[in-house]
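Report on the structure
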Amino acid sequence: MPMLPKPINPAGGAVTVGLRRPTVVPAPCAASPELSNRPRRRTFTAQDKLRILTETDRAADTGGVGAILRREGIYSSTLGDWRRLRAAGAFGALVPVKRGPKTAEPNPLAGELAFVQRENARLTRRLARAEAIIDVQKKVAELLGIPLAPSDGEP
């Protein structure tokens, strides 16, 4: 089969074969700054889940469960998961949990420990003052020539 020369369109430089024109693909539009590049996963609050479950329970007899699922945009497997959680009494699982590290419960003895430490510091300061006063009294007694009786542990 011989190669036929392809005529060139002088207007746009596009090659035409017979009477057909080449398919023109438009350039992709610039992404809107309002739209995110990555779609976000839908999340349902506990109230939404319970509301959908009660609606589907009421509509189970009339056969309207499919319409509710289409309206809410969920699958029947998701509805089954929510029903299992509700039947297991895991209402806590339907409530969104705060993410991140959990705060530790305060120790009930922490307040008492702080009080005892403050009391110890106060008594230590009082003892230091008392020892300073006793030292001054000893020096005054020595200067005046008053003999002091020896104490239990000190010379």
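Structural notes, computed from the coordinates. Quick caveat: nothing in here was measured; it's all calculated off a predicted structure.

Right, let's get into a nonpolar patch on the surface. A cluster of nonpolar side chains, contributed by Val-136, Val-140, Leu-143, Leu-144 and Ile-146, occupies part of the molecular surface with about 530 Å² of accessible area. Mapped onto the elements, Ile-146 comes out in the segment after helix 5 (110-144). What makes Ile-146 partly exposed here is its relative accessible area of 48%.

Here we come to the packing of aromatic side chains. Scanning the entire structure with this criterion turns up one aromatic pair. Between Phe-44 and Trp-82 the ring centres are 5.3 Å apart and the planes differ by 75°, which places this aromatic pair in the edge-to-face class. Of this pair, Phe-44 sits in the segment before helix 1 (46-59) while Trp-82 sits in helix 3 (residues 76-87), and the two are 38 residues apart along the sequence. Across the pair, Trp-82 and Phe-44 agree in class, each one buried.

Turning to the nonpolar core, a few remarks are in order. Counting residues in each nonpolar core, the largest one holds eight residues, listed as Phe-44, Ile-52, Leu-53, Val-65, Leu-69, Ile-74, Leu-79 and Trp-82. Secondary-structure elements contributing two or more residues to this core are helix 1, helix 2 (65-72) and helix 3. If we skip the residues at most four places from it in the chain, Val-65 touches Thr-56, Ala-59, Ala-60 and Leu-79.

In the contact formed by helix 1 and helix 2, the axes pass within 8 Å of each other and the chain directions differ by 155°. Relative to helix 2, the element helix 1 lies roughly antiparallel. Facing helix 1, whose interface residues are Arg-51, Ile-52, Glu-55, Thr-56 and Ala-59, helix 2 presents Val-65, Ile-68, Arg-71 and Glu-72. Taken together, the residues of the contact of helix 1 with helix 2 sort by class into four nonpolar, one polar and four charged.

The next subject is the side chain of Thr-56. Checked against the element boundaries, Thr-56 lands in helix 1. Exposure remark for Thr-56: the relative accessible area of 0% places this residue in the buried category. If sequence neighbours within four positions are ignored, Thr-56 has contacts with Val-65, Ile-68, Leu-79 and Arg-83.

The next point concerns the pattern of salt bridges. Counted by the stated rule, this structure contains nine salt bridges. One salt bridge in this structure joins Glu-55 and Arg-51, with 3.2 Å as the shortest N-O distance. Remark: Arg-51 and Glu-55 occur in helix 1; sequence separation between them is four residues, near one turn of the helix. For Glu-55, a relative accessible area of 17% puts it in the buried group. With its nearest N and O atoms 2.4 Å apart, the salt bridge here joins Arg-71 to Glu-55. A residue pair is termed long-range when its members are at least 10 positions apart, and Arg-71 in helix 2 and Glu-55 in helix 1 qualify at 16 residues. Through salt bridges that share partners, Asp-48, Arg-51, Glu-55, Arg-71 and Glu-72 make up one connected network.

Thresholds, definitions, all that
Counting restarts for each chain: residues are numbered from 1 in the order of the written sequence. Note on the predicted model: pLDDT of at least 70 is required for a residue's local features to be given, and 80 or more for side-chain atom pairs to be given and counted; whole-chain, interface and lining totals, by contrast, use all residues. The side-chain figures draw on all heavy atoms in the structure; neither hydrogens nor water molecules are used. The patches reported here contain residues having more than 30% relative accessible area and no salt bridge. Joining distances are 9 Å for like charges and 5 Å for nonpolar side chains (Val, Leu, Ile, Met, Phe, Trp, Tyr). Note on areas: these come from Shrake-Rupley sampling with a 1.4 Å probe, and a residue is covered only by the protein chains present in the view. By convention in these notes, a salt bridge is any Lys or Arg side-chain nitrogen within 4 Å of a carboxyl oxygen on Asp or Glu. Under the scheme used here, helices are H or I runs from DSSP no shorter than 4 residues and strands are E runs no shorter than 2 residues, and both carry numbers assigned from the N terminus. Only protein chains enter the calculation, and the probe is 1.4 Å; a residue is then buried if its accessible area is under 20% of its type maximum, exposed if over 50%, and partly exposed in between. The pairing test for Phe, Tyr and Trp rings, Trp by its six-membered ring, is centres within 6.5 Å, and the orientation test on the planes gives stacked under 30 degrees, edge-to-face over 60, and tilted for anything in between. What we call a nonpolar core is a set of buried Ala, Val, Leu, Ile, Met, Phe, Trp, Tyr and Cys residues that are connected through their side-chain atoms within 4.5 Å. Contacts between residues were defined by any pair of non-hydrogen atoms, one from each residue, lying within 4.5 Å. Only the contacting stretch of a helix is used when fitting its axis, a line to C-alpha atoms as for every element, and angles between N-to-C directions run 0 to 180 degrees. Each angle receives one of four descriptions, namely roughly parallel if under 35 degrees, roughly antiparallel if over 145, roughly perpendicular if within 65 to 115, and oblique otherwise. Residue classes follow a fixed rule: Ala, Val, Leu, Ile, Met, Phe, Trp, Tyr, Cys and Pro count as nonpolar, while Asp, Glu, Lys and Arg count as charged, and any other residue, Gly among them, counts as polar.

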